[in-house]
Amino acid sequence: MTVMSDELQLFALLLGAPEPESLVVLEAMAEGHPWLAAPLAELKHLPLDKWQGEHTALFVSGYPHTIAPPFISALRHGQMGGGVEEALIDFYQRLGLQPDEMPADYLGTLFECAAWLQSQPDRAAEWEALWQEYLLPALPDFSRRLIEHSGLQLYRAMGKRLEEICNERA
């Protein structure tokens, strides 16, 4: 099973803060992603503020530390910025891309970039480099954190799916 562009975009979306329309968007994207079935059933019965609280605890500001920071530098080096972020800025510039408002090493940005690269037949080498140099070194730890610490099926399922993809790519 190979990761597809729409699934990479789905991962980027799941890293964003849940909003009132997020459940509808996820339901629309669920076709072709059976790992979303049980999490969607759970989310339909969950108040939005509980989902938002779980997102914040995992990705933004859990106490006493952020459980699964969605930044390569934080996952690999325990702090934001540094060499990984600078290398990714150079990588994006070579592709003719510019990350928007988020740091260059934000996993959502990397998933979006990987999805774009996958849609470009002449960019297979860059797609492979993105996985080998940046995603595969960080995603196993990120996935493990989601699986072990999330109180919601959504993020545990995301962690398991990312783990499967890493195992396929290894």
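Here the structure is shown first, and the text comes after it.
Below, the structure is looked at part by part. Please read these numbers as outputs of a predicted model, since none were measured by experiment.

A few words now on the overall build of the protein. Helix and strand counts for the protein come out as nine helices and zero strands. Counted from the first residue to the last, the protein has its helices and strands arranged as α-α-α-α-α-α-α-α-α. At 16 Å, the protein has a C-alpha radius of gyration in line with the 15 Å of a compact globule built from 170 residues. Overall, the protein is about 45 × 35 × 30 Å in size when its C-alpha atoms are taken along their principal axes. Looking at the 170 residues of the protein, the share that counts as buried comes to 46%. Here the contacts in the protein between residues at least 6 apart in sequence split such that 62% fall between residues at least 24 apart. As displayed, the protein has an accessible area near 8,600 Å², and 53% of this comes from carbon and sulfur atoms. Taking the average place of the 11 positive charges on the side chains of the protein and the average place of its 25 negative ones, the gap between the two points comes to 6 Å.

Bringing the packing of helix 1 (residues 5-15) against helix 7 (residues 107-118) into the picture now. The N-to-C vectors of helix 1 and helix 7 enclose an angle of 165 degrees; their axes lie 8 Å apart at closest approach. It follows from the interaxial angle that helix 1 and helix 7 lie roughly antiparallel. As for the relative orientation of helix 1 and helix 7, their crossing is left-handed in sense. Here Ser5, Leu8, Gln9, Phe11, Ala12 and Leu15 of helix 1 come into contact with helix 7, specifically with Leu107, Gly108, Phe111, Glu112, Ala114, Ala115 and Gln118. Residues belonging to the contact of helix 1 with helix 7 are distributed by class as follows: eight nonpolar, four polar and one charged.

Between side chains of opposite charge, a pair can form when the charged atoms approach closely. Within this structure, the stated rule accounts for nine salt bridges. With a shortest N-O distance of 2.8 Å, Arg161 and Glu7 are connected by a salt bridge. Placement of the pair is Arg161 in helix 9 (residues 153-169) and Glu7 in helix 1, with a sequence separation of 154 residues. Overall, Glu7 belongs to the buried group, its relative accessible area being 4%. Two residues, Arg144 and Glu148, come together in a salt bridge whose shortest N-O distance is 3.2 Å. Of the two residues, Arg144 and Glu148 both sit in helix 8 (residues 124-149), four residues apart, roughly one turn of that helix.

Roughly 230 Å³ of volume is contained in the largest pocket. Taken together, Tyr92, Leu97, Gln98, Pro99, Asp100, Glu101, Met102, Thr109, Glu112, Cys113 and Trp116 make up the full set of residues lining the largest pocket. The dominant element in the lining of the largest pocket, judged by the number of residues it contributes, is helix 7, at four residues. Of the residues contributing to the lining of the largest pocket, the split by class is six nonpolar, two polar and three charged. Put simply, the second largest pocket is a space of about 190 Å³. Together, 13 residues line the second largest pocket, and Leu13, Ala17, Pro18, Glu19 and Ser22 are the ones closest to its centre. Counting only elements with at least two residues in the lining of the second largest pocket, the list comes to helix 1, helix 2 (22-29) and helix 9. If you tally residues by element for the lining of the second largest pocket, the top one is helix 2, at three residues.

One recurring pattern in soluble globular proteins is that nonpolar side chains are buried together. Core analysis: the largest hydrophobic core is formed by 54 residues, its most contacted members being Phe111, Leu130, Phe142 and Met158. Sorting elements by how many residues they give to this core places helix 8 first, with 11 residues. With residues near it in sequence (within four places) discarded, Phe142 still touches Leu15, Phe59, Ala68, Pro69, Pro70, Leu75, Leu107, Met158 and Leu162.

Applying the stated criterion across every chain, the model contains eight aromatic pairs. Taking the centre distance of 5.5 Å and the plane angle of 45 degrees together, the rings of Phe71 and Tyr106 count as tilted. Of this pair, Phe71 sits in the loop between helix 4 (48-61) and helix 5 (72-77) while Tyr106 sits in the loop between helix 6 (83-95) and helix 7, and the two are 35 residues apart along the sequence. One aromatic cluster is present, built from ring pairs that chain together Phe11, Trp35 and Phe111.

Conventions and cut-offs
- Residues numbered from 1 in each chain as written.
- Predicted model: local features only at pLDDT ≥ 70, side-chain atom pairs only at ≥ 80, totals over all residues.
- Heavy atoms only, no water.
- Helix = DSSP H or I, 4+ residues; strand = E, 2+ residues; numbered from the N terminus.
- Rg over C-alpha atoms; globule rule 2.2 N^0.38 Å.
- Buried < 20%, exposed > 50% of the residue type's maximum accessible area, 1.4 Å probe, protein only.
- Contact = heavy atoms within 4.5 Å.
- Areas by Shrake-Rupley, 256 points an atom, 1.4 Å probe, with all protein chains shown as cover.
- Lys, Arg positive; Asp, Glu negative; His and termini not counted.
- Charge placed at Lys NZ, Arg CZ, Asp CG, Glu CD.
- Axes fitted to C-alpha atoms, helices over the stretch in contact; angles between N-to-C directions.
- Parallel < 35°, antiparallel > 145°, perpendicular 65-115°, else oblique.
- Left-handed = near helix turned anticlockwise from the far one by under 90°.
- Nonpolar A, V, L, I, M, F, W, Y, C, P; charged D, E, K, R; others polar.
- Salt bridge = Lys/Arg side-chain N within 4 Å of Asp/Glu carboxyl O.
- 1 Å grid on protein atoms, 1.4 Å probe; cavity = no way out; pocket = protein on both sides within 12 Å on 5 of 7 lines; lining within 4 Å.
- Points joined across faces, edges and corners; volume = space filled by probe spheres on them.
- Core = buried A, V, L, I, M, F, W, Y, C linked by side-chain atoms within 4.5 Å.
- Phe/Tyr/Trp six-rings, centres within 6.5 Å; stacked < 30°, edge-to-face > 60°.

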